[in-house]
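The lines below spell out each chain.
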Amino acid sequence: MKAKKLILIFIVFGVVGYGVGKTVKTFKKNHDLTDQIQTVLEDHCHCETIAKTTYSHGIQYNKDDGFTSSKVAYELTNCDYSNFDDEVTRIDKLLKTKVDRFETIDHMTLDFISESGHHKITIANGKIE
């Protein structure tokens, strides 16, 4: 009886350990992806500051965005560009070419903040909305 109980405990701990390990590995992989995005933004955008303001991974629901599994938001402060739409298109192309698995981010928000105003752009699954 004790042997069966011990085997059952090992199986339960093995399954739980596997699940936790897989979750940690997935979180680290996605965290590395958001760090890659920030590095590309910092290297190619002429802004005073670029900061990741939020990052969440896991199934979420929002009435505006629907169901998502990964969300990230960046704040770009006092950026130097002549045309906002051209700058957004340029950044989108850069991220698609320089960041592996960029399209796997369900919902990415870029907040451009300056003295002249506040512009917000959303990129969902690699497509500008």
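Residues numbered from 1 in each chain as written. Predicted model: local features only at pLDDT ≥ 70, side-chain atom pairs only at ≥ 80, totals over all residues. Heavy atoms only, no water.

S.K.: Would you mind going over the state of the cysteines in detail, with residue names and values included?
M.R.: Following the criterion strictly, the structure yields 1 disulfide and no others. Each sulfur of the disulfide joining Cys47 and Cys79 lies 2.0 Å from the other. Residues Cys47 and Cys79 are joined by a disulfide whose S-S torsion is about 100°; by sign, that bridge is right-handed. Taken together, the positions of Cys47 in the loop between α1 (2-44) and β1 (49-62) and Cys79 in the loop between β2 (66-77) and α2 (84-98) put the pair 32 residues apart, joining distant regions of the chain. (Disulfide = S-S within 2.5 Å. Helix = DSSP H or I, 4+ residues; strand = E, 2+ residues; numbered from the N terminus.)

S.K.: Outline the packing of aromatic side chains, listing residues and values.
M.R.: With the rule as written, the count across this model stands at 3 aromatic pairs. Ring centres of Phe84 and Phe112 lie 5.1 Å apart, and the angle between their planes is 90°; this geometry places the pair in the edge-to-face category. A residue pair is termed long-range when its members are at least 10 positions apart, and Phe84 in helix α2 and Phe112 in strand β3 (residues 107-114) qualify at 28 residues. Grouping residues by exposure puts Phe84 and Phe112 together as buried. Following the ring pairs from residue to residue traces out a cluster consisting of Tyr81, Phe84 and Phe112. (Phe/Tyr/Trp six-rings, centres within 6.5 Å; stacked < 30°, edge-to-face > 60°. Buried < 20%, exposed > 50% of the residue type's maximum accessible area, 1.4 Å probe, protein only.)

S.K.: Account for the nonpolar core, naming residues and giving values.
M.R.: The nonpolar side chains of a soluble globular protein tend to be buried with one another. Counting residues in each nonpolar core, the largest one holds 25 residues, and the members touching the most others are Ile37, Leu76, Met108, Leu110 and Phe112. Sorting the residues of this core by element identifies α1, β1, β2, α2, β3 and β4 (117-124) as the ones contributing at least two each. A per-element tally of this core places α2 first, with 5 residues. Once you skip the residues sitting within four places of it in the chain, Leu110 turns out to touch Leu41, Tyr74, Leu76, Ile91, His119, Lys120, Ile121 and Ile123. (Core = buried A, V, L, I, M, F, W, Y, C linked by side-chain atoms within 4.5 Å. Contact = heavy atoms within 4.5 Å.)

S.K.: So what's going on with the pattern of salt bridges? Which residues, and what values?
M.R.: A full pass over the atoms with the stated rule returns 3 salt bridges. Lys52 is the partner of Asp35 in a salt bridge, and the nearest nitrogen-oxygen pair spans 3.4 Å. Of the two residues, Asp35 is situated in helix α1 and Lys52 in strand β1; the sequence distance between them amounts to 17 residues. What makes Asp35 partly exposed here is its relative accessible area of 31%. Two residues, Glu87 and Arg90, come together in a salt bridge whose shortest N-O distance is 2.9 Å. With Glu87 and Arg90 both in helix α2 and 3 residues apart, the pair spans about one turn of that helix. A relative accessible area of 31% means that Arg90 is categorised as partly exposed. (Salt bridge = Lys/Arg side-chain N within 4 Å of Asp/Glu carboxyl O.)

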